[in-house]
Amino acid sequence: MSDVFGLIASIGVVVSLLVSSRQARELTRRTSINNVMAGVSAMYNGMERLHHIDTLVAAEAGV
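Residues numbered from 1 in each chain as written. Predicted model: local features only at pLDDT ≥ 70, side-chain atom pairs only at ≥ 80, totals over all residues. Heavy atoms only, no water.

Trainee: Please clarify how the overall build of the protein chain should be interpreted in this entry.
Mentor: Regarding its fold elements, the protein chain presents one helix and zero strands. In summary, the protein chain has a C-alpha radius of gyration of 27 Å against a globular reference of 11 Å for 63 residues, an excess of more than 25%. Principal axes of the C-alpha set define a box for the protein chain whose edges measure 90 × 10 × 5 Å. Expressed as a percentage of its 63 residues, the buried residues of the protein chain come to 0%. (Helix = DSSP H or I, 4+ residues; strand = E, 2+ residues; numbered from the N terminus. Rg over C-alpha atoms; globule rule 2.2 N^0.38 Å. Buried < 20%, exposed > 50% of the residue type's maximum accessible area, 1.4 Å probe, protein only.)

The following block contains the structure:
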C-alpha cells in the first residue's frame, strides 16, 4: 500500500513540475511581448514630441 501512495506522490510531483515549467515559459513569452510594446510606445512618444516641437518651430517661422 505504501508503494501505491509513493507512486501517486511521485506522479503529483512530476505533474506539478511540468505545470510550473509551462507557466515559466508563458511568463517569459508575455514579458518579452510587454517589453517590445513598451519600446514601441516610448518611440511613439518621442516622435510625437518631436512633431510637436517641429510644429512650434514652423509656427514661429511663419511657415
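More follows now that the structure is in view.
Trainee: What is the right way to look at the environment of Val-14 in this model?
Mentor: With respect to the helices and strands, the residue Val-14 is situated in helix α1 (residues 2-61). What makes Val-14 partly exposed here is its relative accessible area of 48%. When the C-alpha atoms of Val-14 and Arg-49 are compared, they prove to be 53 Å apart, with 35 residues separating the residues in sequence.

Trainee: Sorry, what's going on with α1 here?
Mentor: Structural remark: α-helix, 3.6 residues per turn; residues separated by three or four positions point the same way. Taking 1.5 Å per residue as the helical rise, α1 with its 60 residues ought to reach 88 Å, and the 88 Å between its terminal C-alpha atoms agrees with that figure. One or two positions beyond α1, positive phi appears at Gly-62, with a value near 80°. (Expected span 1.5 Å × (residues − 1).)

Trainee: So what exactly am I meant to see when it comes to the pattern of salt bridges here?
Mentor: Close approach of charged atoms allows side chains with opposite charge to pair. All told, the structure shown has two salt bridges when counted by the stated rule. Between Glu-26 and Arg-29 there is a salt bridge, with its nearest N and O atoms 2.6 Å apart. Remark: Arg-29 and Glu-26 occur in helix α1; sequence separation between them is three residues, near one turn of the helix. One salt bridge in this structure joins Arg-30 and Glu-26, with 3.0 Å as the shortest N-O distance. With Arg-30 and Glu-26 both in helix α1 and four residues apart, this pair spans about one turn of that helix. Residue Arg-30 is classed as exposed on the basis of its relative accessible area of 52%. Since its relative accessible area comes to 29%, Glu-26 is described here as partly exposed. Sharing partners across several salt bridges, the network here consists of Glu-26, Arg-29 and Arg-30. (Salt bridge = Lys/Arg side-chain N within 4 Å of Asp/Glu carboxyl O.)

Trainee: Where do I start with a nonpolar patch on the surface in this structure?
Mentor: A cluster of nonpolar side chains, contributed by Met-1, Val-4, Phe-5 and Ile-8, occupies part of the molecular surface with about 470 Å² of accessible area. Looking at where Val-4 falls in the secondary structure, it is placed in helix α1. Of the residues examined, Val-4 reaches a relative accessible area of 46% and is grouped as partly exposed. (Patch = residues over 30% accessible without salt bridge, like charges linked within 9 Å, V, L, I, M, F, W, Y side chains within 5 Å. Areas by Shrake-Rupley, 256 points an atom, 1.4 Å probe, with all protein chains shown as cover.)

Read these as geometric descriptors, not functional statements.
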